[in-house]
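Survey of secondary and tertiary structure
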Protein chains: 2
Amino acid sequence: MQTRLTEAFGIRHPIVCAPMALITGGRLAAAVSSAGGLGILGGGYAGTLAGEPDLTQELAHIRGQKFGIGFTTWALARVPHVLDEVLHHFPCCVFLSFGDPRPFSERILRSGAKLICQVQSLRHVDQAIEAGASAIVAQGAEAGGHGALRSTLPFVPEVADYLAMKSPATLLLAAGGIANGRGLAAALMLGADGVVVGTRFLTSEEALTPAAASDRVARATGDDTVRTKAIDALRGVSWPEEFSFRVLKNKLTEQWSHREADATAAFGSLVAAYAEARSRQDFDMVVVGAGECVGLIHDRPSAVSILEAMVTEARSLLGRRATLNFVDGTANPGVQRTPASERR
Amino acid sequence: MQTRLTEAFGIRHPIVCAPMALITGGRLAAAVSSAGGLGILGGGYAGTLAGEPDLTQELAHIRGQKFGIGFTTWALARVPHVLDEVLHHFPCCVFLSFGDPRPFSERILRSGAKLICQVQSLRHVDQAIEAGASAIVAQGAEAGGHGALRSTLPFVPEVADYLAMKSPATLLLAAGGIANGRGLAAALMLGADGVVVGTRFLTSEEALTPAAASDRVARATGDDTVRTKAIDALRGVSWPEEFSFRVLKNKLTEQWSHREADATAAFGSLVAAYAEARSRQDFDMVVVGAGECVGLIHDRPSAVSILEAMVTEARSLLGRRATLNFVDGTANPGVQRTPASERR
């Protein structure tokens, strides 16, 4: 499958593995890239959160594959030297989400890496354009882990229209809810040049996901997740107000997910208990970040077989469109890169 | 465009106009049907809510077109005789949402009408199958008006997989976030047989929408809506706990949308003020139910031109798929009607 993304990034399939904190290690990133997608190492909180894997060690698992690295922008801003350290390893791109990317862009672009900026609402897009992003990821609220309130299906075409007016050369990726070829095909119809996939790779063989967490994902339906700010408050992680955390429901969320104000008042009260529960892999207490697409996931295959199944299914749905029409926005059937205002 | 929906309902395009309370009157329903879609009159709260249009009068505007009629199920349950009254007008279908459809299904099916059941979570699907629904609508949280928490993009394929196992003859429609041909094409890729469109028709010429409300929709971006339970509480409408209301942000939501517990405690406190504000068309106080796809809507064209634009755009995106592949689930490329468990 060819799209503007595969051309610009030199990859075979328009599928990017999300940089999931504590989940997307070097083995997973390398496996996705080696199978023709693009693996992005989860740089997470840049080492500032307890329990994060050692980044240098994870980089060693990449073993010469093309890779990117992703950070939670507000956390990276506290330890900006971490960016310089990883740029020495020549990632092909840096993926920034949840905060202002502009303070980091000059160093990233000077290193030769591309910048990918993930946005959660339309008002984030201008910052990403100003930062010189090669690609903007429109992330819907159905995504697992952190995010905000827009939904993928209406958000992607709205960002596509906005980019068509403001910055037509900027690529657009869809994130949130995409776990198979149907999601990939739908995202391309909405005007995306590719997709960012998290939860589906969370339950891949190569992910750092503990087996007990992966089993919960495989058993869950899409009704079994919840988006809340309560958990970060209780475990004492200072996320900016606008972002919340989508996780599998468990005993902790049953108790707290609808009591965000109470949880904020109890900020940090569960730090020790939470760390202790993590060491025991007690997923009644520790949450598993996962998206609504858990209902489409029932197994833990290799990353390569996930990619191949997605591409096969999408190709079958798209027919000739899979190879002919998505390479260049301007070659599309005249709608995807045309702002709505000019379309009537 | 042919799908299982167009075949089963004898329509030309797989596009259904949502039965929006206070919005989808007889003129809009008739215009959509006459243009080749299916218009469903907004029966709303079956006359139990102040300000609802007179149903008999709206039925008179249908003038021989094919039409359906939709109700808020929990409200209809309070005045069940209203169903018998409308069945005398021979709607081609009854569309029930927000409550258990089973007590109504026998009368509906006996009248010769089809039953369409809208669901907001996977656990609602069994009731709809038991009720004998010809079609199930998977409604995402991005939809305008009332709804719940699942998102369209991952919810539709999950319901598709579930129906493939449990009731493969039941049709599946996607609702929430669909305002143009890109949304329609994406929904078909996800496994839907058609789409239910609300907000885009809310700003059609024929809708009952006041001009001041329509103007607000046309000016809004998708960031400008919010889903909350606070408004129904304040205006004293007893919605079941699981449902909330997506509306354009306004002065009232700025004040109350994040204070649902406070609003519940103040249940009904704004009944009089709200009714008075409605009579003045004061949309700083009265909310406009609208979905996230408002960011894709900038005008108020006729229903026929909305339909034609959607179909033209979707056809262009789908190419040969538009006519060849969506008629029969089993003729699809082997994925849409195959449960995930059999697909690997």
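To start, this report covers the structure provided alongside it. Since we're looking at a predicted model, the values are computed, not measured. (Residues numbered from 1 in each chain as written. Chains lettered and ligands numbered in written order. Predicted model: local features only at pLDDT ≥ 70, side-chain atom pairs only at ≥ 80, totals over all residues. Heavy atoms only, no water.)

**Quick word on the pairing of strand 5 (residues 114-119) of chain A**
Residues and elements named next belong to chain A. Note the threshold: Think of it in three bands: with a 1.4 Å probe and only protein chains considered, a residue is buried below 20% of the maximum accessible area for its type, exposed above 50%, and partly exposed in between. Strands are runs of DSSP state E lasting at least two residues, helices are runs of H or I lasting at least four, and both sets are numbered from the N terminus onward. One bridge is not enough; two strands pair if DSSP finds at least two bridges between them. Here the term right-handed applies to a crossover when the path leading from its first strand over the helix to its second strand runs clockwise, the strands being oriented away from the viewer.
Burial within strand 5 is extensive, with five of its six residues counted as buried. Relative to strand 5, strand 4 (residues 93-97) runs parallel, the two sharing five bridges. When the bridges of strand 5 are listed, serine 97 appears paired with glutamine 118. Strand direction decides the pairing type here: strand 5 and strand 6 (residues 135-139), joined by four bridges, are parallel. What sits directly across from glutamine 118, in strand 6, is valine 137. For the crossover that starts at strand 5, traverses helix 7 (residues 125-130) and ends in the parallel strand 6, the hand is right-handed.

**A closer look at the packing of helix 9 (residues 181-189) of chain A against helix 16 (residues 303-318) of chain A**
All names here are of chain A. Note the threshold: In this analysis an axis means a line fitted to C-alpha atoms, helices contributing only their contacting stretch, and an angle means the value between N-to-C directions, from 0 to 180 degrees. Angular relationships are summarised with four words: roughly parallel below 35 degrees, roughly antiparallel beyond 145, roughly perpendicular across 65 to 115, and oblique for the angles in between. Each crossing is labelled by how the near helix is turned from the far one, with a counterclockwise turn of less than a right angle marking it left-handed and a clockwise turn marking it right-handed. The criterion used for residue contact is that any of the two residues' heavy atoms lie within 4.5 Å. All amino acids are sorted into three groups, where Ala, Val, Leu, Ile, Met, Phe, Trp, Tyr, Cys and Pro are nonpolar, Asp, Glu, Lys and Arg are charged, and the leftover types, Gly among them, are polar.
Interhelical geometry of helix 9 versus helix 16 gives an angle of 50 degrees and a closest axis separation of 7 Å. Here helix 16 runs oblique to helix 9, going by the angle between their axes. Once helix 9 is placed against helix 16, the crossing between them reads as right-handed. Counted together, Gly181, Arg182, Leu184, Ala185, Leu188 and Met189 of helix 9 and Met310, Glu313, Ala314, Leu317 and Leu318 of helix 16 form the full contact between these two elements. The residue makeup of the contact of helix 9 with helix 16, split by class, is eight nonpolar, one polar and two charged.

**Structural notes on the pattern of salt bridges**
Where charged atoms from two side chains of opposite charge come close, those side chains can pair. For clarity, the cut-off: In the sections that follow, a salt bridge refers to a side-chain nitrogen of Lys or Arg positioned within 4 Å of a carboxyl oxygen of Asp or Glu.
For the structure shown, the criterion picks out 38 salt bridges over all chains. Between B:Glu292 and A:Arg150 there is a salt bridge, with the nearest N and O atoms lying 2.8 Å from each other. A residue pair is termed interchain when its members come from two chains, as with B:Glu292 in the loop between helix 15 (271-279) and helix 16 (303-318) and A:Arg150 in the loop between strand 7 (145-147) and helix 8 (152-166). On the basis of relative accessibility, which here comes to 1%, the residue B:Glu292 falls in the buried class. Taking the relative accessible area as the measure of exposure, A:Arg150 reaches 4% and is therefore buried. Between A:Arg182 and B:Asp161 there is a salt bridge, with the nearest N and O atoms lying 3.1 Å from each other. With A:Arg182 in helix 9 and B:Asp161 in helix 8 (residues 152-166), this residue pair bridges two chains. A residue is classified by how much of its surface remains accessible, and A:Arg182, at 0% relative accessible area, is buried. By relative accessible area, which is 6% here, B:Asp161 ends up buried. Through salt bridges with shared partners, a single network forms among A:Arg150, A:Glu158, B:Asp223, B:Arg246 and B:Glu292.

**Let's talk about the interface of chain B and chain A**
As a reminder, the rule being used: Summed over both partners, the accessible area lost on bringing two parts together, with a 1.4 Å probe, is the buried area. N or O atoms within 3.5 Å of each other form a polar contact, as long as, within protein, one can give a hydrogen and the other can take it, and as long as residues adjacent in sequence are counted only when both atoms are side-chain atoms.
Opposite the 48 residues of chain B that make contact, chain A presents 48 residues. Summing both partners gives a buried area of about 4100 Å² for chain B against chain A, and 55% of it is carried by carbon and sulfur. Between chain B and chain A we count six salt bridges in total. Between A:Arg150 and B:Asp223 there is a salt bridge; the shortest N-O distance is 2.7 Å. The tally of links from chain B across to chain A stands at 16 residue pairs in polar contact (both at pLDDT 80 or more). The element contributing the most residues to the side of chain B that touches chain A is helix 8 of chain B, with seven residues.

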